[in-house]
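One letter stands for each residue in the lines below.
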Amino acid sequence: GAGVSQSPSNKVTEKGKDVELRCDPISGHTALYWYRQSLGQGLEFLIYFQGNSAPDKSGLPSDRFSAERTGGSVSTLTIQRTQQEDSAVYLCASSLVGPSPFSNQPQHFGDGTRLSIL
Amino acid sequence: KNEVEQSPQNLTAQEGEFITINCSYSVGISALHWLQQHPGGGIVSLFMLSSGKKKHGRLIATINIQEKHSSLHITASHPRDSAVYICAVGRSQFYFGTGTSLTVIP
């Protein structure tokens with residue numbers, strides 16, 4: 001598969017549990033992005049990686065959220081002590097790197113992970 | 001105040017009509033993106049603009065940097081164009097409009 005792959009596609013968990021979401025970008029794409037889309041709401045930027053580093057983490061909603069990327073490829077988004085307001089579709093995208101993170105390279109989106117917190 | 005404003009929020013058109021979706025933004029940007037989200041949820045990048053105009057098939061996107069405004073036009077609309085169209089702008093962060101839900105009726 002040549003596209004961005006996310007897993008799991010669906011995750012249901014109890015409030016208070018930790019969850020880990022995975023994103024496997026397109027091979028060769030050095031930029032990787034995480035977004036969130038809550039039910040009936042627009043897209044929200046969370047974090048982006050340039051290689052393995054994330055220059056700006058200010059988009060993460062709280063300190064329960066963390067993300068890492070190793071080897072310049074796969075990224076994981078971890079949510080600790082999940083709350084009901086964390087329920088959303090979490091989307092990952094990747095792109096070739098441009099002169100700035102959101103410049104002139106198209107982003108390729110995965111199908112998302114639908115997270116439901118009971 | 002939202003950094004990105006889109007209009008209209010909802011749009012219903014008859015097949016064949018010319019459609020315009022507008023996007024205004026208030027932040028400095030490196031580029032503006034138009035995205036398409038189909039009912040199944042998948043998102044596709046349609047255009048990236050930093051100046052001028054781009055055309056892809058029946059879709060045309062324009063941007064006026066001085067006025068901080070972009071438009072997405074669909075010529076000869078078709079029911080398969082029914083989707084949510086999202087404007088996004090960014091430099092060091094990425095800001096999204098709330099989307100325009102387009103329904104094209106046969």
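Our structure is the block above this text.
Worth saying up front: this structure is predicted, and the values here are computed from it rather than measured. (Residues numbered from 1 in each chain as written. Chains lettered and ligands numbered in written order. Predicted model: local features only at pLDDT ≥ 70, side-chain atom pairs only at ≥ 80, totals over all residues. Heavy atoms only, no water.)

*Asks:* Got a minute to help me understand the interface of chain A and chain B in this structure?
*Replies:* Interface size, as often reported, equals the accessible area lost upon joining of the parts. In this assembly, 19 residues from chain A lie in contact with 15 residues from chain B. Both faces combined, the contact of chain A with chain B buries some 1500 Å², and carbon together with sulfur accounts for 62% of it. One can count 0 salt bridges joining chain A with chain B. The interface formed by chain A and chain B holds 1 residue pair in polar contact (both at pLDDT 80 or more) in total. (Contact = heavy atoms within 4.5 Å. Buried area = accessible area lost by both parts, 1.4 Å probe. Salt bridge = Lys/Arg side-chain N within 4 Å of Asp/Glu carboxyl O. Polar contact = N/O pair within 3.5 Å; in protein donor to acceptor, adjacent residues only side chain to side chain.)

*Asks:* Is there a simple way to think about the side chain of B:S82 in this case?
*Replies:* All names here are of chain B. Positionally, S82 belongs in the loop between β8 (69–74) and β9 (83–90). Of the polar contacts made by the side chain of S82, one reaches the backbone oxygen of P79; its length is 2.9 Å. In terms of polar contacts, S82 uses its side chain to reach the backbone amide nitrogen of V104, at 2.9 Å. Once you skip the residues sitting within four places of it in the chain, S82 turns out to touch H38, P39, L102, T103 and V104. (Helix = DSSP H or I, 4+ residues; strand = E, 2+ residues; numbered from the N terminus.)

*Asks:* I keep staring at the environment of B:V27 and nothing clicks. Help me out?
*Replies:* All names here are of chain B. With respect to the element layout, V27 can be found in the loop between β3 (19–25) and β4 (31–37). On the basis of relative accessibility, which here comes to 18%, the residue V27 falls in the buried class. A sequence separation of 11 residues divides V27 from G16, and the C-alpha atoms of the two residues are 35 Å apart. If sequence neighbours within four positions are ignored, V27 has contacts with E3, K68, V89 and Y95. (Buried < 20%, exposed > 50% of the residue type's maximum accessible area, 1.4 Å probe, protein only.)

*Asks:* Looking at this structure, I do not really get the side chain of B:T100. What am I missing?
*Replies:* Residues and elements named next belong to chain B. Residue placement: T100 occurs in strand β11 (residues 100–105). A relative accessible area of 0% places T100 in the buried class. A polar contact of 3.2 Å, which involves the side chain of T100, links it to the side chain of Q6. A polar contact is formed between the side chain of T100 and the backbone oxygen of P8, at a distance of 2.6 Å. Excluding its chain neighbours within four sequence positions, the residues that come into contact with T100 are Q6, S7, P8, Q9, L11, I21, A83, V84 and Y85.

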